[in-house]
There are 2 protein chains.
Amino acid sequence: MTNKLPRRERQLIERENLILETARGLIRENGFLSLKMSQLAEAVEYSVGTLYTHFETKEDLLVSLAVQSISQRANLFEKAQEAKRKSRDRIYGILIARLMLAETGPEIFDIERLAASPSVWKRATQERYQKMVAMEQRCSEIVLSIIVDAISEGDLALGSVRETDIVFGLWSLTIGFHRLMLSFDDLSRVGVLDINEAVKINYCILLDSYGWQPLKDWDHNTVEKDFRENVLFFKITVDTS
Amino acid sequence: MTNKLPRRERQLIERENLILETARGLIRENGFLSLKMSQLAEAVEYSVGTLYTHFETKEDLLVSLAVQSISQRANLFEKAQEAKRKSRDRIYGILIARLMLAETGPEIFDIERLAASPSVWKRATQERYQKMVAMEQRCSEIVLSIIVDAISEGDLALGSVRETDIVFGLWSLTIGFHRLMLSFDDLSRVGVLDINEAVKINYCILLDSYGWQPLKDWDHNTVEKDFRENVLFFKITVDTS
DNA sequence: CTCATTTTTTGAGCAGTTGTCAAAAACCCC
DNA sequence: GGGGTTTTTGACAACTGCTCAAAAAATGAG
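From a predicted model like this one, the values you see are computed outputs, not experimental measurements.

About the criteria used
- Residues numbered from 1 in each chain as written.
- Chains lettered and ligands numbered in written order.
- Predicted model: local features only at pLDDT ≥ 70, side-chain atom pairs only at ≥ 80, totals over all residues.
- Heavy atoms only, no water.
- 1 Å grid on protein atoms, 1.4 Å probe; cavity = no way out; pocket = protein on both sides within 12 Å on 5 of 7 lines; lining within 4 Å.
- Points joined across faces, edges and corners; volume = space filled by probe spheres on them.
- Helix = DSSP H or I, 4+ residues; strand = E, 2+ residues; numbered from the N terminus.
- Nonpolar A, V, L, I, M, F, W, Y, C, P; charged D, E, K, R; others polar.
- Least-squares fit on C-alpha atoms with pLDDT ≥ 70 in both.
- Contact = heavy atoms within 4.5 Å.
- Domains from an automatic or database assignment.
- Buried area = accessible area lost by both parts, 1.4 Å probe.
- Salt bridge = Lys/Arg side-chain N within 4 Å of Asp/Glu carboxyl O.
- Polar contact = N/O pair within 3.5 Å; in protein donor to acceptor, adjacent residues only side chain to side chain.

A. Region of the structure containing empty space enclosed by the protein. Applying the stated criterion across every chain yields a total of eight cavities of 30 Å³ or more. Of the pockets and cavities examined, the largest cavity occupies roughly 370 Å³. Along its surface, the largest cavity is lined by 23 residues, and Ile175 and Arg179 of chain A together with Arg113, Ile175 and Arg179 of chain B are the ones closest to its centre. Listed by contribution, the elements that provide at least two residues to the lining of the largest cavity are helix 6 (107-115) and helix 9 (163-182) of chain A together with helix 6 (107-115) and helix 9 (163-182) of chain B. Split into classes, the residues belonging to the lining of the largest cavity amount to nine nonpolar, two polar and twelve charged. Roughly 230 Å³ of volume is contained in the second largest cavity. What lines the second largest cavity is a set of 21 residues, among which Arg98, Ser140, Val143, Val167 and Trp171 of chain A lie closest to the centre. Secondary-structure elements contributing two or more residues to the lining of the second largest cavity are helix 4 (58-82), helix 5 (87-103), helix 8 (126-152) and helix 9 of chain A together with helix 9 and helix 10 (186-190) of chain B. Considering each element in turn, the lining of the second largest cavity owes the most residues, five residues, to helix 9 of chain A.

Below, the structure is given as structure tokens:
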């Protein structure tokens, strides 16, 4: 737990975090496309040149933000996975984790959406891009492992459907959720009144139809409350200033 | 069928189509972000100024492309809806329509993804933005109406789930599909080997679990073949030059 | 056909952006 | 303090979206 990094390096990391957090705030207000590097430089009280010692391009900054977001997601996913609960509860915890992250702010949708594009990857540091991919992979591995565990615990029996198909199905559902959160006013127009409700219902429907036990005497609201209160915490970055 | 538009206006429309098609081709190669207006101007053999008589901003051009794509989608959806087939076939036809559109080229993912963002809407013509929204709404209405018909035809009975929840569920699945198509090399890494297969399987699973009849003696491959050959045609824009 | 008037097209240039790099400032060790 | 090293800076280069005065084309009346 004691970190032995040289002072200088610690300062650099701290500054990088400052830049990332400030950028996140600015993106929350006006989106990534209207974020200007000069504006960001002014906000963190460093020069543009200094920003570019941390990030090679603006896209590199974007990917860094994506890495942050996805890492946090992987963390929450791990907590859900490790919880001593029924497998069905744990897989539902994955959804709750996503909902909780969505509640931290709408900018993560903008960030992750834009970061998922080859034209961005090309302009980012290879190292950061690799990390993003690795983190995303970590997330899907966790989901996969919950599925595998569910099978070995006897809660789930595969028919014609493969494990990875389940990963894809559950994951697609939440992507659709992200998309709708982004273009917010589409909601009522398309007829979906409560999007959180819609995604939960469909998630449960999918679980049921995969045959994921328990099908009866299982209330997703109780599970949600449990996970929110007892399982899923955020790592709070303490500012020792 | 006889169009009585003045010659001049016809020419303008033709030129606009030329611009849109050329832009589409350039986006296919390098993505929207690396499309340059000057490059596009050169490609269509007009000046930048002329481009800007058609589109107020670059984002306006993007939204126009999105309108094209979504209109084409609505057209195919209508064909699926109007087909004299079982309701389950028709709703499956919606998925096939999306798959067929995806086959026309990967640029539509880039276009629709970027167009689904407020920071783009703000810079586009109100008129074009409205049209895009209307077209998207039309698509979801068609899906909804197939659901309603299925109920009245006795193929579908709603339990706790609302009609709009079904719209959301089916639609989310295809969004996830789009997302994976965009970041292509994620596929094997996440473990999904055949993405088309994965989306079809989950689509059918959802239909089954909504209780959409017929559940037995229904082969999606046969339906797909039927729709591809007999129901879903593209409108071919004939060049009378 | 002529020429004045209107409409359309043009592309050099403006404003605003990302990203660079020589020089200034800060730091470090003697 | 002084010489050398590292870090920061911000003016500037390079490039882009977009404009608008002027050129070119179309129109149409005589």
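B. Representation of the relation of the copies chain B and chain A within the structure. In the superposition of chain B on chain A (RMSD 0.0 Å, axial shift 0.0 Å), the rotation amounts to 180 degrees. Taken together, these values place the two copies in the relation of a two-fold axis. Taken together, the interface assignments show that 100% of the residues at the interface of chain B recur at the interface of chain A, consistent with an identical surface on both copies.

C. How the structure looks around the domain arrangement of chain A. Residue and element names in this part refer to chain A. On domain assignment, one finds that chain A holds domain 1 (1-54) and domain 2 (58-231). Summarising the inter-unit geometry, the C-alpha centres of domain 1 and domain 2 are found 28 Å apart. In this complex, domain 1 contributes 16 residues to the contact, which on the side of domain 2 involves 17 residues. Each partner contributes to the roughly 1,400 Å² buried at the junction of domain 1 and domain 2, and carbon and sulfur atoms together form 62% of this total. When the buried surface of domain 1 facing domain 2 is broken down by residue, Leu20, Arg24 and Phe32 rank first, second and third, together holding 48% of it. Our count for the contact surface shared by domain 1 and domain 2 stands at two salt bridges. With a shortest N-O distance of 3.4 Å, glutamate 107 and arginine 28 are connected by a salt bridge. Remark: the boundary between domain 1 and domain 2 carries nine residue pairs in polar contact (both at pLDDT 80 or more). Every element with two or more residues in the side of domain 1 that touches domain 2 is listed here: helix 1 (7-30) and helix 2 (37-44).

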